[in-house]
Amino acid sequence: MESPALEKLESVYTAYRESGGSVVSLLQDIQTEFGYIPQDAVHWMSGRTGIPASRFYGVATFYAQFYLEPRGKNIVTACCGTACHVKGAERVLTRLREELALEPGQETTRDGQFTLEKVACVGACSIAPVVIVNHKVFGKMGPDKVPKILGEYGEQPDE
Amino acid sequence: MVNSRMSKEIVINVCMGTGGIAAGGRDVMDAFIEAFRERGVDGRVEKHCAVHQVGCRGFCARDVLVDVSLDGERTTYQYIQAAMVPRLVEEHVLGGQPVTEWTVGPEYHAFHDRQVKVVLADCGNIDPDRIEEYEGVGGYTALRRILSEMSPGEVIDVVRESGLRGRGGAGFPTGIKWKICADNESEVKYIICNADEGDPGAFMDRSVIEGNPHAVIEGLIIGAYAIGSAHGYVYIRAEYPLAVERLRRALDQARAKGYLGKGIHGSRFDFDIKVKLGAGAFVCGEETALIASIEGERGMPRSKPPFPVFKGLWGKPTVINNVETLANLPVIFRRGAAWYASVGSEKSKGTKVFALTGKIKNTGLIEVPMGISLKEIIYDIGGGIEKDRAFKAVQTGGPSGGCIPSQHIDLSVDYENLIRMGSMMGSGGMVVLDETDCMVNIAKFFLEFTQSESCGKCTPCRFGTRRLLEILTRITRGQGRPDDIERLERMARTIKDSSLCGLGMSAPNPVLSTIRYFRHEYEAHIHEHRCPAGVCRELITYTIDPERCKGCGKCRRHCPVEAIEGQPKAVHVIQQEKCIKCGSCFEVCPEKFSAVLRA
Ligand SMILES: Cc1cc2nc3c(=O)[nH]c(=O)nc-3n(C[C@H](O)[C@H](O)[C@H](O)COP(=O)(O)O)c2cc1C
Ligand code: FES
């Protein structure tokens with residue numbers, strides 16, 4: 001691992017030791033530092049804490065919040081809660097997958113521009129169906145609004 | 001020119017609940033601040049002028065809602081966007097003339113008139129980020145009085161007399177839960193606020209925390225005092241960033257004011273609260289799974305007994321209460337147990353907050369007395385069904401609940417009645433369905449959810465939900481087998497009887513209740529390969545009626561797979577082999593033509 005990464009891990013470990021963390025809090029902190037849970041980080045932490053890597057993975061795969069792969073630059077969140085479902089969220093989701101050319105099971109586009117994820121109810125049921133891109137909420141979505149919204153993101157130059 | 005009439009107190013309240021922000025609340029707020037700065041309002045107004053953010057106002061369908069109050073005289077506006085703000089400032093704030101065409105109409109009042117606000121009373125009226133505003137409406141007075149005048153036993157008696165039952169789903173009497181825990185000898189005890197809110201169609205708990213976090217904190221402190229706990233937790237979803245932020249700020253303020261910490265307000269009672277972020281698993285709302293999750297492990301439930309009141313977090317006696325349960329407590333102590341018990345039905349006291357959504361005109365967060373009829377909720381408060389379609393059913397209790405059909409619209413809503421109907425209160429999601437909703441599809445939707453959220457510890461739930469989903473899936477594809485309904489019922493009963501935790505025990509409810517009331521829809525799918533509501537993709541076809549098509553070309557332009565052919569002004573045709581049945585054509589065909597047919 002490169003030294004900046006090592007430094008981050010050291011500080012996560014120190015916080016864990018000093019404030020009595022747990023497997024969940026370790027993983028949360030690793031993810032805050034790296035944006036996902038890199039395999040190397042798990043093995044490093046496992047060696048350092050003596051907690052078997054399998055326990056880290058057991059926890060990481062249990063909770064929806066942990067990502068084992070790096071995520072795209074833009075996060076597209078499609079609400080698939082009940083209210084959005086009855087207002088046609090599935091058709092919006094299908095269109096999103098088409099526009100992003102995602103294969104079944106694939107979440108992040110090959111160019112790393114977009115990650116598509118589903119969530120249950122974002123608390124804006126009144127404007128269902130809802131899609132969130134990064135932190136911006138788009139309500140009353142329909143399949144044909146998808147291309148325009150995605151067009152606002154994507155090939156942006158790095159900020 | 002700003003004239004002398006301007007030495008008024010000007011208060012602007014902008015709805016900044018999740019719904020309000022989604023509709024552009026932040027831009028509206030900025031626009032007010034900008035407009036005041038530009039016009040120098042702040043400098044010339046002698047009293048103060050404030051733009052406040054407030055939590056959910058309930059009537060989310062009309063967001064962004066804005067109150068303009070001049071010397072306490074309040075006018076409420078609906079559908080406000082940033083671009084409309086300059087006119088509001090010019091004509092109303094400066095000119096004194098409300099912009100009547102933008103004010104809320106009679107529906108707003110109808111929406112509120114039937115409601116009884118206990119938990120939501122201050123949500124949307126006070127700034128959740130300022131503890132002084134909560135104190136200004138009587139906040140923390142209950143706690144102070146309890147600490148100086150009441151013994152823990154007396155506190156528990158008041159809660160028992162009030163009849164308060166848990167709002168997290170099961171409806172267990174709160175006072176009794178506390179009593180059992182209080183009677184338990186132990187040096188260390190814990191109290192946990194369950195803010196995991198897993199129901200995928202509900203947002204009550206989040207809105208309460210976003211709108212009035214101090215009420216939840218005060219409730220938690222009262223509970224801790226009653227059971228003798230020095231350590232509290234709030235277990236809240238990480239997916240609720242705004243609620244987490246406001247909760248953390250509120251805790252800091254409560255600590256600074258001495259409501260948390262050592263020797264609270266001169267008493268000998270010590271208590272503090274930690275925030276634990278949930279990591280996204282529905283089953284973690286179940287109390288034993290929640291405890292495992294706080295302990296930092298996979299959130300797997302364990303069998304009960306022992307119940308958490310005997311053996312909970314880190315093996316110590318633990319009380320777990322829902323957000324809304326806790327938010328009721330300060331009010332119960334302020335207004336008295338007898339008053340609280342006078343609201344509601346015989347066995348269910350007080351009010352219940354529901355997230356009213358789906359095919360209804362007025363969606364939003366509502367608070368109603370227990371025992372109110374479904375009809376009042378749907379027609380008086382909700383304003384009836386969207387597009388005046390026919391009401392079909394209402395889904396309550398989320399993935400653990402069921403659907404109540406239109407013939408039972410007079411049902412009075414309380415814990416017992418909902419269970420009798422094969423549904424349950426759950427946390428308070430209420431999704432209204434109309435004639436265009438397919439009930440098999442709804443059952444399948446919930447099973448998809450529970451199947452993917454099943455933690456896998458016990459076999460009936462892990463395999464059972466998967467099998468149920470497989471059968472439902474084939475039914476919606478027109479491949480159902482003649483005996484599938486009986487098979488579903490048989491398996492559902494086995495899963496209910498033999499699962500380890502509430503998730504599995506209640507997972508079959510959506511299936512059982514839809515079979516109970518909408519068996520004919522299942523039969524139409526299985527025997528006739530037909531989806532009566534026109535929802536199940538594999539069972540519908542889209543065609544264009546040559547008599548009605550005027551060749552406007554809208555459907556052709558919107559079709560994502562170029563399955564529609566036709567020259568301008570000539571009849572268009574859908575090529576069935578290319579059609580992916582997305583329904584775009586059906587939706588965009590102008591209403592005056594209505595040429596796209598779904599069958
Ligand atoms: C699968 C499952 C999910 C649950 N989710 C929640 C939840 O999101 N919020 C909640 O307060 N209670 C939830 N509960 C109920 C809790 O286990 C517990 O009964 C409740 O928090 C107790 O608080 P109360 O007595 O104040 O209602 C859930 C139960 C089960 C079985
Ligand atoms: S179901 Fe999508 S916002 Fe509530």
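Note that the coordinates shown come from a computational prediction; the quantities given were computed from them, not determined experimentally.

Enquirer: Hey, could you run me through the overall build of chain A in this one?
Expert: Counting secondary structure elements, chain A contains 7 helices and 4 strands. In sequence order, the secondary structure elements of chain A are arranged as α-α-α-α-β-α-α-β-β-β-α. Each principal axis of the C-alpha atoms in chain A carries an extent, and together these give about 50 × 35 × 25 Å. The contacts in chain A between residues at least 6 apart in sequence include a share of 62% that link residues at least 24 apart. Accessible surface for chain A amounts to roughly 7800 Å². Of this, 49% is attributable to carbon and sulfur atoms. Taking the average place of the 16 positive charges on the side chains of chain A and the average place of its 20 negative ones, the gap between the two points comes to 8 Å.

Enquirer: Is there a simple way to explain the environment of Arg519 of chain B in this structure?
Expert: Residues and elements named next belong to chain B. One can find Arg519 in helix H22 (residues 509-528). Considering only alpha carbons, one finds Arg519 and His558, 39 residues apart in sequence, at a separation of 36 Å. Once you skip the residues sitting within four places of it in the chain, Arg519 turns out to touch Ile485, Glu486, Glu489 and Thr514.

Enquirer: Sorry if this is basic, but what is going on with the interface of chain A and chain B here?
Expert: One widely used convention gives an interface's size as the accessible area the parts lose upon coming together. Facing the 34 residues of chain A at the interface are 49 residues of chain B. Our count for the chain A to chain B interface comes out at 3 salt bridges. Among the ionic pairs, Arg55 of chain A bridges to Glu297 of chain B, the shortest N-O distance being 2.4 Å. The interface formed by chain A and chain B contains 19 residue pairs in polar contact (both at pLDDT 80 or more). When residues of the side of chain A that touches chain B are traced back to their parent elements, those giving at least two are helix H2 (23-34), helix H4 (53-62), helix H5 (82-86) and helix H6 (89-99) of chain A. Class assignment for the residues of the side of chain A that touches chain B results in 18 nonpolar, 10 polar and 6 charged.

Enquirer: Just to check I follow, could you spell out the sheet that holds strand S5 (residues 190-195) of chain B for this structure?
Expert: Each strand in a sheet pairs with its neighbour through backbone hydrogen bonds, running either in the same direction (parallel) or in the opposite one (antiparallel). Residue and element names in this part refer to chain B. Spatial strand order, S7-S6-S5-S8: 4 strands in an open sheet with parallel pairing. Among the strands making up the open sheet, the edge pair consists of strand S7 (272-278) and strand S8 (318-322). Across the sheet, the mean angle separating the axes of adjacent strands is 20 degrees when strand polarity is ignored. Summarising the sheet, S5 and strand S6 (residues 231-237) pair through 6 bridges and their orientation is parallel. Within the sheet, the bridge partner assigned to Asn194 lies in S6 and is Tyr235. Of the strands in this sheet, S5, S6, S7 and S8 are in contact with helix H11 (residues 213-227), which crosses S5 at around 150 degrees. Sheet contacts for helix H12 (residues 241-256): S6 and S7; angle to S7, the most-contacted strand, approximately 170 degrees.

Enquirer: Is there a simple way to explain the environment of Val24 of chain A in this structure?
Expert: Mapped onto the elements of the fold, Val24 of chain A is located in helix H2. Residue Val24 of chain A is classed as buried on the basis of its relative accessible area, which comes to 6%. Along the primary structure Val24 of chain A and Ala60 of chain A are separated by 36 residues, whereas in three dimensions their C-alpha atoms are 7.9 Å apart. Beyond its immediate sequence surroundings of up to four residues, Val24 of chain A is in contact with Val59, Tyr63 and Phe66 of chain A together with Ser293, Gly296 and Glu297 of chain B.

Enquirer: Help me understand the nonpolar core in this model?
Expert: For soluble globular proteins, the rule of thumb is that nonpolar side chains tend to be buried together. Residues and elements named next belong to chain B. Membership of the largest hydrophobic core comes to 82 residues, with the highest contact counts inside it found for Tyr140, Val155, Trp178, Ile221, Ile236, Phe271 and Phe333. Broken down by element, the residue count for this core peaks at 10 residues, all from H11. Apart from residues no more than four positions distant in its own chain, Phe333 is found in contact with Ala142, Arg145, Ile146, Met150, Val155, Val158, Val159 and Ile222.

Enquirer: Help me understand the side chain of Ser293 of chain B in this model?
Expert: By secondary structure assignment, the location of Ser293 of chain B is in helix H13 (residues 287-294). A distance of 2.7 Å separates the side chain of Ser293 of chain B from the side chain of Tyr235 of chain B, its partner in a polar contact. If we skip the residues at most four places from it in the chain, Ser293 of chain B touches Val24 and Tyr63 of chain A together with Tyr235, Cys284 and Gly299 of chain B.

Enquirer: Help me out: how do you make sense of the sheet that holds strand S10 (residues 364-369) of chain B in this one?
Expert: All names here are of chain B. On the basis of which strands lie adjacent, the open sheet formed by 5 strands has the order S10-S9-S13-S11-S12 and mixed pairing. At either end of the open sheet lies a strand with only one pairing partner, and these are S10 and strand S12 (402-405). Strand-to-strand twist in this sheet, taken as the mean axis angle between neighbours without regard to direction, amounts to 30 degrees. Sheet topology places strand S11 (residues 391-396) next to S12; 4 bridges connect them, and they run antiparallel. Residue pairing across strands places Ala393 opposite Pro405, the latter belonging to S12. Most of the contacts of helix H10 (residues 204-211) go to strand S9 (residues 351-358), to which it runs at about 115 degrees, and overall it touches S9, S10 and strand S13 (429-434). Relative to the sheet, helix H18 (residues 439-453) contacts S11, S12 and S13, its axis offset from that of S11 by approximately 15 degrees.

Enquirer: Just to check I follow, could you spell out the packing of aromatic side chains for this structure?
Expert: The description of an aromatic ring pair rests on the distance of the ring centres and on the angle between the ring planes. All names here are of chain B. Under the criterion given, the structure shown has 13 aromatic pairs over all chains. Note on Tyr225 and Phe269: the rings are 5.3 Å apart at their centroids and 75 degrees apart in plane angle, and the pair reads as edge-to-face. Highlighted residues: Tyr225 in helix H11 and Phe269 in the loop between H12 and S7, separated in sequence by 44 residues. A ring pair is formed by Trp339 and Tyr340, whose centres lie 6.1 Å apart and whose planes are at 65 degrees; its orientation type is edge-to-face. By relative accessible area, Tyr340 is classed as buried at 1%. Above the plane of the ring of Phe586 lies Arg598, whose end atom (NZ or CZ) is 4.3 Å from the centre.

Enquirer: Got a minute to help me understand the domain arrangement of chain A in this structure?
Expert: What the domain assignment lists for chain A is domain 1 (3-62) and domain 2 (74-151). Centre-to-centre separation of domain 1 of chain A and domain 2 of chain A, based on C-alpha positions: 31 Å.

Enquirer: What's the story with the pairing of strand S3 (residues 66-70) of chain B in this structure? I'm lost.
Expert: The side chains of a regular strand alternate between both faces of the sheet. Residue and element names in this part refer to chain B. Counting buried positions along S3 yields 5 of 5 residues, so the element is predominantly enclosed. The alternating pattern of S3 places Val66, Val68 and Leu70 on one face and Asp67 and Ser69 on the opposite face, and all of these are buried. As defined by bridge partners, strand S1 (residues 10-15) adjoins S3 across 5 bridges and the pair is classed as antiparallel. Within S3, the position partnered with Ile10 by the bridge is Leu70. Direction of pairing for S3 relative to strand S4 (residues 73-77): antiparallel, over a ladder of 5 bridges. What sits directly across from Leu70, in S4, is Glu73. Between S3 and S4, which pair antiparallel in sequence order, lie 2 residues; one of them, Asp71, sits at a positive phi of approximately 50 degrees.

Conventions used here
Residues numbered from 1 in each chain as written. Chains lettered and ligands numbered in written order. Predicted model: local features only at pLDDT ≥ 70, side-chain atom pairs only at ≥ 80, totals over all residues. Heavy atoms only, no water. Helix = DSSP H or I, 4+ residues; strand = E, 2+ residues; numbered from the N terminus. Contact = heavy atoms within 4.5 Å. Areas by Shrake-Rupley, 256 points an atom, 1.4 Å probe, with all protein chains shown as cover. Lys, Arg positive; Asp, Glu negative; His and termini not counted. Charge placed at Lys NZ, Arg CZ, Asp CG, Glu CD. Salt bridge = Lys/Arg side-chain N within 4 Å of Asp/Glu carboxyl O. Polar contact = N/O pair within 3.5 Å; in protein donor to acceptor, adjacent residues only side chain to side chain. Nonpolar A, V, L, I, M, F, W, Y, C, P; charged D, E, K, R; others polar. Pairing = 2+ DSSP bridges. Axes fitted to C-alpha atoms, helices over the stretch in contact; angles between N-to-C directions. Buried < 20%, exposed > 50% of the residue type's maximum accessible area, 1.4 Å probe, protein only. Core = buried A, V, L, I, M, F, W, Y, C linked by side-chain atoms within 4.5 Å. Phe/Tyr/Trp six-rings, centres within 6.5 Å; stacked < 30°, edge-to-face > 60°. Lys NZ or Arg CZ within 6 Å of the ring centre and 35° of its normal. Domains from an automatic or database assignment.

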